[in-house]
Amino acid sequence: MQDSRTPVGLIGLGLIGTALAQRLLGAGFAVVGTDIAADARARLAGLGGTAVDTVAEIARRCERVLIAVFNSDQVESVIEGEGGILSVDPASRRTTLVLNFATCDPDRMVALAARLAPSGLGFLETPLSGASDQVARGEAVCLVGGEPAALDAARDIVAAVCAKSFHLGPVGNGAKAKLATNLILGLNRAALAEGLVYADLLGLPLDAFFEAARNSAAYSQAMDVKGRKMIARDFATAGKVSQSAKDFALILGTAREHGQALPFAAAYAEAMAGCIAAGEGDWDNSAIIEHVRRQRTRGVKRHDR
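First, a word on scope: everything that follows refers to the structure included in this document. The residue numbers shown here count from 1 along each chain, following its written sequence. Local features are withheld for residues below a pLDDT of 70 in this predicted model, meaning they are given only at 70 or higher, and side-chain atom pairs are given and counted only at 80 or more; totals for whole chains, interfaces and linings count all residues. Here the side-chain values reflect all heavy atoms present in the structure, with hydrogen atoms and water set aside.

1. Brief notes about the overall build of the chain
Reasoning step 1: Across its full length, the chain holds 14 helices and 9 strands.
Reasoning step 2: Its C-alpha atoms give the chain a radius of gyration of 21 Å, near enough to 19 Å, the size a compact globule of 305 residues would have.
Reasoning step 3: Each principal axis of the C-alpha atoms in the chain carries an extent, and together these give about 85 × 45 × 35 Å.
Reasoning step 4: Evaluated residue by residue, the chain yields a buried proportion of 49% over its 305 residues.
Reasoning step 5: Two residues form a contact once any of their heavy atoms are found within 4.5 Å. A separation threshold of at least 6 residues defines the contact pool for the chain, and within that pool the share at least 24 residues apart is 68%.
Reasoning step 6: Residue exposure ignores everything except the shown protein chains as possible cover, and the areas themselves are Shrake-Rupley values with a 1.4 Å probe. As displayed, the chain offers around 14700 Å² of accessible surface, 54% of which is attributable to carbon and sulfur atoms.
Reasoning step 7: Treating the 32 positive side-chain charges of the chain as one cloud and the 33 negative ones as another, the clouds have centres 5 Å apart. Strands here are runs of E lasting at least two residues and helices are runs of H or I lasting at least four, both read from the DSSP assignment and numbered beginning at the N terminus. For this measure, only C-alpha atoms enter the radius of gyration; the expected value for a globule follows 2.2 Å times N^0.38, where N is the number of residues. The cut-offs for exposure are 20% and 50% of the maximum accessible area for each residue type, with area from a 1.4 Å probe on protein chains only; residues under the lower value are buried, those over the upper are exposed, and the others partly exposed. Charge counting follows a simple rule: Lys and Arg are positive, Asp and Glu are negative, and His as well as the terminal groups are ignored. Taken as the charge location is NZ of Lys, CZ of Arg, CG of Asp or CD of Glu.

This is the structure:
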């Protein structure tokens, strides 16, 4: 296990990246980070980290680098692209291990790890199950894919980020587990949204109903994380609609490759598309309730005769 005082690199300082920085800094790590957005770099500096302008500078300073970007394209770019980690001359490149926290295409991550092996750059999948506020509180779960030696070299980082982690096998399995977990989680949010809208339509007092539902057999953790936000229409972002839409496109694509239809996942993806069309792409994904609310029928209310 390495000294936590050795600087850790962080590429991507959005919602998850900032939460990761908070966890690491709180655990005593020195964090050197970068992002294309100047305000994100300034936010890291305000937290006590060191903000730099380029990925290459991180590669020259940090042995272990965390990646918290949007998708597979960006992961490949910050490692292999122009100005990426591998663009730095091996004689001055310090990075030996990258931890990928992004939700990505499993096959592409397998191929990426294979391409990196000859360069001596280790690759570990470490996607987190949990919204950014849960990550910041240390409540997320890490779904690890990679070689045991790579995990051994990163255990202190994983332990600082979250209390629970599960090693699920080789590279690719971390991404697969994250997609399958996100499928279940997204559908829990959808069920919660529909249940709240339905209860409201029936005239139930929502606060009282919500507490009853949370203590019933219908309980899911989505209630704790998203329920009050849905009721209050508080869509301050902890996990964006656009991110959920990207994840479910990956879920549906990989399912198609295996010849499997996922009808409920398809309905969720349609709901996310509806939110984006309504200008809600940057809202918290609890905004799925707004899509449900918009689905009003033209039917006539029936009365008992």
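2. Overview of the packing of aromatic side chains
Reasoning step 1: For Phe, Tyr and Trp, rings pair up if their centres lie within 6.5 Å, where Trp contributes its six-membered ring, and each pair is then called stacked (planes under 30 degrees apart), edge-to-face (over 60) or tilted (otherwise). Scanning the entire structure with this criterion turns up 2 aromatic pairs.
Reasoning step 2: Ring geometry for Phe235 versus Trp283: centroids 5.4 Å apart, planes at 15°, classification stacked. Of this pair, Phe235 sits in the loop between helix H11 (221-232) and helix H12 (241-257) while Trp283 sits in the loop between helix H13 (263-277) and helix H14 (288-294), and the two are 48 residues apart along the sequence.
Reasoning step 3: Look at Phe235 and you get buried, because its relative accessible area is 12%.
Reasoning step 4: Residue Trp283 is classed as partly exposed on the basis of its relative accessible area, which comes to 33%.
Reasoning step 5: If you follow Lys246 out to its NZ or CZ, it ends over the ring of Phe70, 5.3 Å from the centre. Whether a charge sits over a ring comes down to the Lys NZ or Arg CZ being within 6 Å of the ring centre and within 35 degrees of the ring normal.

3. Considerations on the pairing of strand E6 (residues 122-125)
Reasoning step 1: Bridging between strand E5 (residues 97-100) and E6 involves 4 bridges; their strand directions are parallel. Pairing of Asn100 across the sheet is with Glu125, part of E6.
Reasoning step 2: When the strands point away from the viewer and the connection leading from the first strand across the helix to the second strand turns clockwise, the crossover is called right-handed. Crossover E5 to E6 through helix H5 (residues 106-116) is right-handed. In this scheme, strands are said to pair when DSSP sees at least two bridges between them.

4. Observations concerning the packing of H12 against H13
For any two helices packed against each other, the geometry comes down to the angle between their axes and how far apart the axes lie.
Reasoning step 1: Interaxial distance between H12 and H13 falls to 9 Å at its minimum, and their mutual angle equals 150°. Crossing angle aside, the handedness with which H12 passes H13 is left-handed. Contact residues: Val241, Ser242, Ser244, Ala245, Phe248 and Leu252 in H12; Ala265, Ala266, Tyr268, Ala269, Met272, Cys275 and Ile276 in H13.
Reasoning step 2: Lys, Arg, Asp and Glu make up the charged group, whereas Ala, Val, Leu, Ile, Met, Phe, Trp, Tyr, Cys and Pro make up the nonpolar group; the residues left over, Gly among them, are polar. For the contact of H12 with H13, the per-class residue count stands at 11 nonpolar, 2 polar and no charged. Here, axes are lines fitted to C-alpha atoms. For helices the fit covers the stretch in contact, and angles between N-to-C directions go from 0 to 180 degrees. Crossing handedness: left-handed means the near helix sits turned counterclockwise from the far one by under a right angle, and right-handed means the same turn made clockwise.

5. Considerations on the sheet that holds strand E2 (residues 31-34)
Reasoning step 1: Ordered by their spatial adjacency, 6 strands build an open sheet running E3-E2-E1-E4-E5-E6, and the pairing between neighbours is parallel. A single partner strand is all that each edge strand has here, and the edge strands are strand E3 (50-51) and E6.
Reasoning step 2: When E2 meets E3, the two strands line up parallel, connected through 2 bridges. Bridge pairing in E3 places Val32 opposite Thr50.

6. So, the packing of helix H4 (residues 72-80) against H5
Reasoning step 1: At a minimum axis distance of 11 Å, the contact between H4 and H5 shows a crossing angle of 10°. For the element pair H4 / H5, the angle class is roughly parallel. Across from Ser72, Asp73, Val75, Glu76, Ile79 and Glu80 in H4, the residues of H5 making contact are Arg108, Met109, Leu112, Arg115 and Leu116. Throughout, the term roughly parallel applies to angles under 35 degrees, roughly antiparallel to angles over 145, roughly perpendicular to angles from 65 to 115, and oblique to all others.

7. A closer look at the nonpolar core
One recurring pattern in soluble globular proteins: nonpolar side chains tend to sit buried together.
Reasoning step 1: To form a nonpolar core, buried Ala, Val, Leu, Ile, Met, Phe, Trp, Tyr and Cys residues must be joined to one another through side-chain atoms within 4.5 Å. In terms of nonpolar packing, the biggest core is built from 30 residues, with Leu20, Leu24, Leu66 and Leu128 touching the most fellow members.
Reasoning step 2: At the level of secondary structure, the elements contributing two or more residues to this core comprise strand E1 (8-11), helix H1 (15-26), helix H2 (38-47), E5, strand E8 (141-144), helix H7 (148-152) and helix H8 (155-161).
Reasoning step 3: For Leu66, the residues in contact, after removing those within four places along its chain, are Val8, Gly9, Leu10, Ile11, Leu20, Leu24, Leu99, Phe101 and Ile157.

8. Describing the pattern of salt bridges
Reasoning step 1: A carboxyl oxygen of Asp or Glu within 4 Å of a side-chain nitrogen of Lys or Arg is what we treat as a salt bridge. Tallied over the entire structure, the rule returns 22 salt bridges.
Reasoning step 2: Across the salt bridge formed by Arg228 and Glu211, the nearest N and O atoms sit 2.7 Å from each other. In this pair, Arg228 is assigned in helix H11 and Glu211 in helix H10 (residues 206-214), connecting sequence segments 17 residues apart.
Reasoning step 3: Using a relative accessible area of 39% as the deciding quantity, one classes Arg228 as partly exposed.
Reasoning step 4: Glu280 is the partner of Arg294 in a salt bridge, and the nearest nitrogen-oxygen pair spans 2.8 Å. A residue pair is termed long-range when its members are at least 10 positions apart, and Arg294 in helix H14 and Glu280 in the loop between H13 and H14 qualify at 14 residues.
Reasoning step 5: Given the relative accessible area of 5%, Glu280 is considered buried.

Function-wise, these values are silent; they only describe arrangement.
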